[in-house]
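In case you want the letters, here they are:
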Amino acid sequence: MWLVPARSVEFPQAGGDPDWTMTTVRSPTLDGFASHDPDAPSLAIGFREACTVAQRFELTRSRPATSSVGFHDRRSRSFDLVTVPDLLDQSAGMAAALAEALPPDTPVLIVTRSPEATLRCYLAAVLANRPPAVFPNRLANEAAGRTRRRIEDAASALGTHGVLTEEGWLESLPDTSARATMTLESAPGPSEAVVAEVPAGNLDSICHFQFSSGSTRKPAAIGITNGNILAHLGALSTRVGLATGHTLISWLPLGHDMGLVGNVLLALVTGVDLRLMSPFEFMKRPIDWLRALSEHPVAMTAAPTMAFDLATRRIDVADMAGIDLSTWKRAYCGAEPVHVPTIERFIEKFAPFGFDPEALMPTYGLAEATLMATMPEPGVTPRYLETRASSVRPGAMVDVVGEHVFGSAADASPGNSLVACLGPPADNLDLFIQDDAGRRIVNPHQIGEIAVSGPGIAPGTRRPDGGLDPFETPYRTGDLGFLHDGELVVVDRTKSVLIWNGQNYSASLSEHRLASATDVAVNRLSVLEYQPQSGQKSIAVVV
């Protein structure tokens, strides 16, 4: 149980006593953020008794609409709006059909393309108490055989499951152990009836499954519980400084934890407006992302470094007429290493159009922690360090030779690196640096593996027989980092450290340096270690 000290507004269930409260917290750090309304309260979630995400959605359906979801129309370049209760009602008929077709707690694999189709299927599965697992789409031109194999891998990770999809995907679906397959086109229409009996207060039950990246091995289905999500959203909404009147805008795929938890669930549970774009649309026209941000009075978004890089490289300043980025109050950057020079180039290009460097918030998270692990606090100017390290191995010390704020366009001296400070740990998370033996490292600036524990940590990954392989406590992230004044700095993945002539090098840092020197997009570069069948081990660059 975690508590947020605040005044509470009770929302009782129909015919019963209130079992949860939406709390509002006034934060003195929000004045510069919510400049349109300095007195607007930030939103946080507190629970007097246990409440699941499905119960929260059922309660939302029964109350007057206070927020909306918008789906971007690429032709009109505007958003088609639907109220949240209406969106839930649109999913309820499908949820009732799922409840009849599948036993409780049976996972539902969602294979769709558009954000609207994906979200409707996700909500239906949650309402039906059949945990959804969103298949992670990749490139629009991915080979059909490759897509089919990835769907097979996702289905295998879930074991017995159902499928929600669109008719256009039916030919791509492999023969799996699906107990039932339903398409959006054949699903029942909107319904106002309560869908299914949801176990009261079962916070240990799985709300959804989040697939791991599958980049180095077959994807695993990480079980995220209702307790994980609600504890996490409480900490996230407080750290973000979310307030009435704010709008979350996202193009991130809903198969990614930052897109699903950090945008969709954060908006739906706290009651702020949400605007969704397709990731394929963003890749084609990144300027539509900036235009959407400029059209909302207090806009927030989250994106990886590659999005800032793509916007910088692809958007012509001549096309920025009429776009005012002063409305963009929070720009959370995470999901991959935060490359300081890339962010500085973005700031340099778009500051003349109103982008405030203090809006930039570098973050660190992982699916196993539901999403956020660290994030700068509202009102704290984001910063980065110039560092010198003789090695990136665990136990090595890092010399901090300079500290800068974003927007200062500082350059690193030869041999030094610029690394972002990613904020302090979430309020309900214990994050620390440990050595190879699992002992806590107490020296600041000493590199070690990042480990986490807390109510947002998932219990484990699903086995084909329906059980869970539990995570160790604390959870070892596989990332190397150190602490600076209580803020996390990530160095690299443990598996991405290259050893050459007895020295340790960061593969991701090498990739970014090569990208800067060659003007090749960093996502098109890979620095790796390889060894021919005969010959010495070498370092290769793949473009």
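First things first, this report covers the structure right here in the doc. Keep in mind that this is a model prediction, so the values were computed, not measured. (Residues numbered from 1 in each chain as written. Predicted model: local features only at pLDDT ≥ 70, side-chain atom pairs only at ≥ 80, totals over all residues. Heavy atoms only, no water.)

It is worth spelling out the overall build of the chain at this point. Within the chain, the regular secondary structure consists of 11 helices and 31 strands. Counting every position in the chain, which comprises 543 residues, the buried fraction comes to 56%. Sequence separation of 24 or more characterises 68% of the internal contacts of the chain that already satisfy a separation of 6 or more. Carbon and sulfur atoms form 49% of the exposed surface of the chain, whose accessible area is close to 22,900 Å². (Helix = DSSP H or I, 4+ residues; strand = E, 2+ residues; numbered from the N terminus. Buried < 20%, exposed > 50% of the residue type's maximum accessible area, 1.4 Å probe, protein only. Contact = heavy atoms within 4.5 Å. Areas by Shrake-Rupley, 256 points an atom, 1.4 Å probe, with all protein chains shown as cover.)

This part takes up the nonpolar core. Phe57, Val69, Trp289, Phe308 and Trp328 are the most contacted members of the largest nonpolar core, which has 119 residues in total. Formed by 16 residues, the second largest nonpolar core is a distinct cluster that contains Val163, Ile206, Phe209 and Phe211. (Core = buried A, V, L, I, M, F, W, Y, C linked by side-chain atoms within 4.5 Å.)

Axes are the key here: two packed helices are described by the angle between their axes and the distance separating the axes. At a minimum axis distance of 9 Å, the contact between helix α9 (residues 305-314) and helix α10 (residues 340-350) shows a crossing angle of 40°. Considering their axes alone, α9 and α10 lie oblique with respect to each other. Here α9 runs over α10; the crossing is left-handed. Contact with α9, carried on its side by Thr305, Phe308, Asp309, Ala311 and Thr312, involves Thr342, Ile343, Arg345, Phe346, Lys349 and Phe350 of α10 and no other residues of that element. When the residues that make up the contact of α9 with α10 are grouped by side-chain class, the tally is 5 nonpolar, 3 polar and 3 charged. (Axes fitted to C-alpha atoms, helices over the stretch in contact; angles between N-to-C directions. Parallel < 35°, antiparallel > 145°, perpendicular 65-115°, else oblique. Left-handed = near helix turned anticlockwise from the far one by under 90°. Nonpolar A, V, L, I, M, F, W, Y, C, P; charged D, E, K, R; others polar.)

Attention now moves to the pattern of salt bridges. Applying the stated rule across the entire model yields 15 salt bridges. Here arginine 383 makes a salt bridge to aspartate 485, at a shortest N to O gap of 3.6 Å. Here arginine 383, found in strand β19 (residues 383-389), pairs with aspartate 485, found in the loop between β26 (475-484) and β27 (487-493); they are 102 residues apart in sequence, far enough to count as distant. Note that aspartate 469 is salt-bridged to arginine 463, the shortest N-O span being 3.4 Å. Connected through salt bridges with shared partners, the residues Arg383, Glu403, Asp485 and Glu487 form a single ionic network. (Salt bridge = Lys/Arg side-chain N within 4 Å of Asp/Glu carboxyl O.)

Looking now at the sheet that holds strand β5 (residues 78-83). By definition, the strands of a sheet pair up through backbone hydrogen bonds, in either a parallel or an antiparallel sense. Strand order across the open sheet formed by 7 strands is β5-β4-β13-β12-β14-β15-β16, with mixed pairing between neighbours. Pairing within the sheet leaves two strands with one partner each, and these edge strands are β5 and β16 (360-362). Within the sheet, the average angular offset between the axes of one strand and its neighbour, ignoring direction, is 20°. In terms of strand pairing, strand β12 (residues 247-250) meets strand β13 (residues 273-276) through 4 bridges, oriented parallel. Note on β13: the bridge partner recorded for threonine 247 is aspartate 273. Contacts from α9 reach β14 (299-303), β15 (328-333) and β16 within the one sheet, and its direction differs from that of β15 by about 120°. (Pairing = 2+ DSSP bridges.)

Excluding glycine, a negative phi dihedral is what most residues carry, and trans is how most peptide bonds are arranged. For the peptide bond that leads from threonine 473 to proline 474, omega is -5°, which places it in the cis range. Turning to its location among the elements, proline 474 is positioned in the loop between β25 (468-470) and β26. Phi is positive for asparagine 129, which is not a glycine, with a value near 60°. Within the element layout of this structure, asparagine 129 appears in the loop between α3 (115-127) and β7 (132-134). Take asparagine 129: its relative accessible area is 13%, and that puts it in the buried class. For alanine 409, which is not a glycine, the phi torsion comes out positive at approximately 55°.

Let us now look at the environment of arginine 275. Relative to the assigned elements, arginine 275 resides in strand β13. Residue classification places arginine 275 among the buried positions, given a relative accessible area of 7%. Residues arginine 275 and valine 264 lie 11 residues apart in sequence; the distance between their C-alpha atoms is 9.0 Å. A polar atom in the side chain of arginine 275 sits 3.2 Å from the side chain of serine 68. At a separation of 3.5 Å, a polar atom in the side chain of arginine 275 contacts the side chain of histidine 296. (Polar contact = N/O pair within 3.5 Å; in protein donor to acceptor, adjacent residues only side chain to side chain.)

Residue placement: arginine 61 occurs in helix α1 (residues 53-61). Its relative accessible area of 11% is what places arginine 61 among the buried residues. For arginine 61, the side chain forms a polar contact with the side chain of glutamate 58, separated by 3.0 Å.

Turning our eyes to something else, we now look at the packing of aromatic side chains. Evaluation of the coordinates by the stated rule reveals 12 aromatic pairs. Three or more aromatic residues joined by ring pairs make a cluster, and in this case those are Trp251, Phe282, Trp289, Phe308, Trp328, Phe346, Phe350 and Phe355. When the ring centre of phenylalanine 432 is taken as origin, the NZ or CZ atom of arginine 440, which lies over that ring, is 3.7 Å away. (Phe/Tyr/Trp six-rings, centres within 6.5 Å; stacked < 30°, edge-to-face > 60°. Lys NZ or Arg CZ within 6 Å of the ring centre and 35° of its normal.)

So, about empty space enclosed by the protein. Enumeration over the complete set of coordinates arrives at 4 cavities of 30 Å³ or more. Here the second largest cavity is characterised by a volume of approximately 50 Å³. (1 Å grid on protein atoms, 1.4 Å probe; cavity = no way out; pocket = protein on both sides within 12 Å on 5 of 7 lines; lining within 4 Å. Points joined across faces, edges and corners; volume = space filled by probe spheres on them.)

A separate point is the side chain of asparagine 228. With respect to the element layout, asparagine 228 can be found in helix α5 (residues 226-240). Relative accessible area serves as the criterion here: at 4%, asparagine 228 is assigned to the buried category. Apart from the residues within four sequence positions on either side, asparagine 228 is in contact with Gly223, Thr370, Pro455, Gly456, Ile457, Ala458 and Pro459.

Worth remembering: the numbers are spatial, not functional.
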